[in-house]
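# Structure assessment
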There are 2 protein chains.
Amino acid sequence: MTPDPDRFLADLHALRRFGAAGVGKGVVRPAYCEADVAARAWLAERMAEAGLAVRYDPMGNLFGLAEGPSLLLGSHSDSQPEGGWLDGALGVVAALEVARASRAAGGPPVSVVSFQDEEGRFGVTTGSAVWSGQLSLAEADRLTDHAGVALAAARAPMAGLAGAFVDPGRFTGFIELHIEQGPTLDSAGEQIGVVSDIVGIRDMRITFDGQQNHAGTTPMHLRRDAFQGLAAFNALLEERFRNVVTPRTVWTIGHVALHPNATSIVPGRAVFSIQWRDGDADRLGRMEEILRATAVEVAKARGLQVSFGAMLGLEPVAMDARLRAALEAGAEQVAPKRWRVLPSGALHDATNVARLLPVAMLFVPSIDGISHAFGEDTAEADLVAGVRVLAAAVDRLGRA
Amino acid sequence: MTPDPDRFLADLHALRRFGAAGVGKGVVRPAYCEADVAARAWLAERMAEAGLAVRYDPMGNLFGLAEGPSLLLGSHSDSQPEGGWLDGALGVVAALEVARASRAAGGPPVSVVSFQDEEGRFGVTTGSAVWSGQLSLAEADRLTDHAGVALAAARAPMAGLAGAFVDPGRFTGFIELHIEQGPTLDSAGEQIGVVSDIVGIRDMRITFDGQQNHAGTTPMHLRRDAFQGLAAFNALLEERFRNVVTPRTVWTIGHVALHPNATSIVPGRAVFSIQWRDGDADRLGRMEEILRATAVEVAKARGLQVSFGAMLGLEPVAMDARLRAALEAGAEQVAPKRWRVLPSGALHDATNVARLLPVAMLFVPSIDGISHAFGEDTAEADLVAGVRVLAAAVDRLGRA
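As the structure is a prediction and not an experimental result, all values here were calculated from the model. (Residues numbered from 1 in each chain as written. Chains lettered and ligands numbered in written order. Predicted model: local features only at pLDDT ≥ 70, side-chain atom pairs only at ≥ 80, totals over all residues. Heavy atoms only, no water.)

Take the UniProt feature "binding site: Zn(2+) 2" (unreviewed entry) in chain A next. All names here are of chain A. When the UniProt feature table is mapped onto this chain, "binding site: Zn(2+) 2" (unreviewed entry) is found at Asp87, Glu119 and His372. On the basis of their most widely separated C-alpha atoms, the annotated residues across 286 residues gather in one place, lying no more than 9.5 Å apart. Considering the arrangement of structural elements, one finds Glu119 in the loop between strand S4 (110-115) and helix H4 (126-131). In this structure Glu119 touches His76, Asp78, Ser79, Gln80, Asp87 and His372, once residues within four positions along its chain are discounted. The topology assignment puts His372 in the loop between strand S17 (359-364) and helix H12 (380-399). Contact partners of His372, with chain neighbours within four places excluded, come to Gln80, Glu82, Asp87, Glu119 and Gln181. Polar contacts involving the side chain of His372 include one to the side chain of Asp87, which spans 3.3 Å. (UniProt positions renumbered as here; feature names shortened; annotations may be inferred. Helix = DSSP H or I, 4+ residues; strand = E, 2+ residues; numbered from the N terminus. Contact = heavy atoms within 4.5 Å. Polar contact = N/O pair within 3.5 Å; in protein donor to acceptor, adjacent residues only side chain to side chain.)

Spelled out as structure tokens, the structure:
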């Protein structure tokens, strides 16, 4: 089975004309916008040409179905409001190319999918969440975007295309090729990453309440400064996480709001986010314990009140051993010594699909780790390496 | 010379009817609003009854002038948008009472002033800044409030009242009684504070620029997190200030803005304020050196860019030794062992007036240190102690 690099790259570039930003290779193709619907129609034509049966489901997820049991390959073709040309699109076009190549070579049957709204105009990985049964269509319909548009209204223009939801029982597994969206492969000069697991996420809002006061007349030792509480919490956390985390663990304070947030006033309140990610659910739990205890301790020491918001959580998902082994063998064949196993720090449709099917993922490098921006890019040689590894893995799985 | 506590307290309560908030004893009487103009008209009547010549200047500063050379006592009668009944008003009504008592007793001549816009609807201590020549009337006229109203337009309704600016040469000194606006006297159970100096202020905006990144895919060691830069700067500053500051020194990070300030994104930019106050100009300078060097060092260590905004600065003002000695003698007479010498951490009109005249200040306690809020209050016994110390000092200065 030999994918055609020129046909693959030509299709990838053709797809980026839908919603082209006019800035570098950037695209503006959020879920259900005109460009997204047109891009799906174009993909549907390519699927049909490849001998696949085209099926839209009520969410707008687009499937190109092989006959009988098949592997499912794909990703998403919607983009961020200011997105790159590869985030999602790469996985869909690579799936299409491998489906064509496998069919031509008499290889195993391959179906193709482009999930809808992976980028979360409405929710988070919304199309695959509905398909995998984690979110009902009725619940999804009530979600609204930043402009207040409901998903029900946004998907209405696609209603004429929609058939029934596709039965996941027809698929034997799911493999998603995606850009890394981080700097690891690019900075190491490697071509391929085989994903070990998609990390779990915890996200919590914490509030320190102290005493708002005059910044001139309140002596330091009498202050109950909520910002100083946040700073002390941050420093202690770094110290205490040290014995618990691995080099793969990340944590971020990305959102901070002080009240009243004025130069001459000791902050009376600090509301901030803390988000942490790791591939190990136990470690996520230990981090939560440390974090809660540290916040309580800092509050006590500084005369503050602490309150914790609801914790959002997504469990880590380990990749299927058999599919992953096929990708590792393909990587060693296509890019010997220039690949590694690594976790995915970002969420993907594969997280949802893992509830239904064995899943695996592979990455190609993101230049300078940039994504979710018009400047996102990957060397064409690396894109081709990605599709070759995917084809080799499918070939191997077909022969097993 | 014996001030009348009942008359003094009755006038103080009468003044708080102008702009009464309906919440506790709070007042809403910002500069030039209807309640402020009405309160000044009422004060002008009281001045005239006390035998003083009433004079408004073009800014709306209200003087009650004694004949010949005189001491000037007073403060301001405008309030914060949500203010207390004593902040400013106490010093004006106490001045009026001492002027009456001194006249009745054949004591030294006392003039009274209520400065305009001390609370900074337009600038900072705007009325006394113009009177003392630090700000021209033309410059002041161009200042605007938060609603975009120019000072020129705000003062227009008072134009019919305005005479010439009062010649400061007619005054031999200025004494301002004010609430402390901090917790020192209240927590020590003391009645009187004699001010040693009004602290100087430095205020600067600092920006750390790092790299905005995905909070899932960017490993900790590759991050250039602007919030972590701020946190590190804050911690180092506390350590390095330790050998430089006194218990009177204060510094505050009161304003923080992260960009893009999102839970899932490593902050690419942090803009924040740092304000520091001390009675010693040299110490303020040493703190500035430490702070700039620390920010540069943190930026270098963390791959950030640092930039410094313009530094706003007000020099410390030492109180006049002779006037201060008279206040100290009065304090020991009225409240033996229940007074102390302390700096003023807040700005006052006295800071501006010090450019023209010898100045001194005294404080009475603020219950729980609260000010700039409807809940601001002081025990009536302490208010009366304040006016008695002021009278005793004036008496002593007249006899010297």
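Any two packed helices are characterised by how steeply their axes cross, that is the angle between the axes, and by the distance between the axes. All names here are of chain B. Orientation of helix H3 (residues 89-104) relative to helix H12 (residues 380-399), taken along the N-to-C sense of each, is 50°, at an axis distance of 10 Å. Between H3 and H12, the interaxial angle falls into the category oblique. In the packing of H3 onto H12, the handedness of the crossing is right-handed. For the pair H3 and H12, contact is made by Leu90, Ala94, Ala95, Glu97 and Val98 and by Leu383, Val387, Leu390, Ala391 and Val394, respectively. In terms of residue class, the contact of H3 with H12 is made up of nine nonpolar, no polar and one charged. (Axes fitted to C-alpha atoms, helices over the stretch in contact; angles between N-to-C directions. Parallel < 35°, antiparallel > 145°, perpendicular 65-115°, else oblique. Left-handed = near helix turned anticlockwise from the far one by under 90°. Nonpolar A, V, L, I, M, F, W, Y, C, P; charged D, E, K, R; others polar.)

Under the defined criterion, the tally for this structure stands at 34 salt bridges over all chains. As a salt-bridge pair, B:Arg121 and B:Asp145 come within 2.9 Å of each other at their nearest N and O atoms. Linking B:Arg121 in the loop between strand S4 (110-115) and helix H4 (126-131) with B:Asp145 in the loop between helix H5 (137-141) and helix H6 (151-155), this pair joins segments that are 24 residues apart in sequence. Since its relative accessible area comes to 27%, B:Arg121 is described here as partly exposed. Residues participating in the shared-partner salt-bridge network are A:Arg7, A:Asp11, A:Glu97 and A:Arg100. (Salt bridge = Lys/Arg side-chain N within 4 Å of Asp/Glu carboxyl O. Buried < 20%, exposed > 50% of the residue type's maximum accessible area, 1.4 Å probe, protein only.)

In this section: empty space enclosed by the protein. Within the structure shown, the criterion is met by one cavity of 30 Å³ or more. What lines the largest cavity is a set of 16 residues, and nearest its centre among them are A:Thr184, A:Pro343, A:Gly345, B:Gly216 and B:Thr217. The leading source of residues in the lining of the largest cavity is strand S16 (residues 339-344) of chain A, at three residues. In the lining of the largest cavity, the residues fall into seven nonpolar, six polar and three charged. (1 Å grid on protein atoms, 1.4 Å probe; cavity = no way out; pocket = protein on both sides within 12 Å on 5 of 7 lines; lining within 4 Å. Points joined across faces, edges and corners; volume = space filled by probe spheres on them.)

This part is about the interface of chain B and chain A. The partner chain A presents 42 residues to the 43 residues of chain B that form the contact. Surface buried jointly by chain B and chain A totals about 3,600 Å² across both partners, of which 53% is contributed by carbon and sulfur atoms. At the boundary of chain B with chain A, the tally comes to zero salt bridges. For the pair chain B and chain A, the number of links is 16 residue pairs in polar contact (both at pLDDT 80 or more). Of all the secondary structure elements, the ones that give two or more residues to the side of chain B that touches chain A are helix H8 (226-241), strand S9 (250-252), strand S10 (256-259), strand S11 (265-266) and strand S12 (269-278) of chain B. The element that contributes the greatest number of residues to the side of chain B that touches chain A is H8(B), accounting for six residues. (Buried area = accessible area lost by both parts, 1.4 Å probe.)

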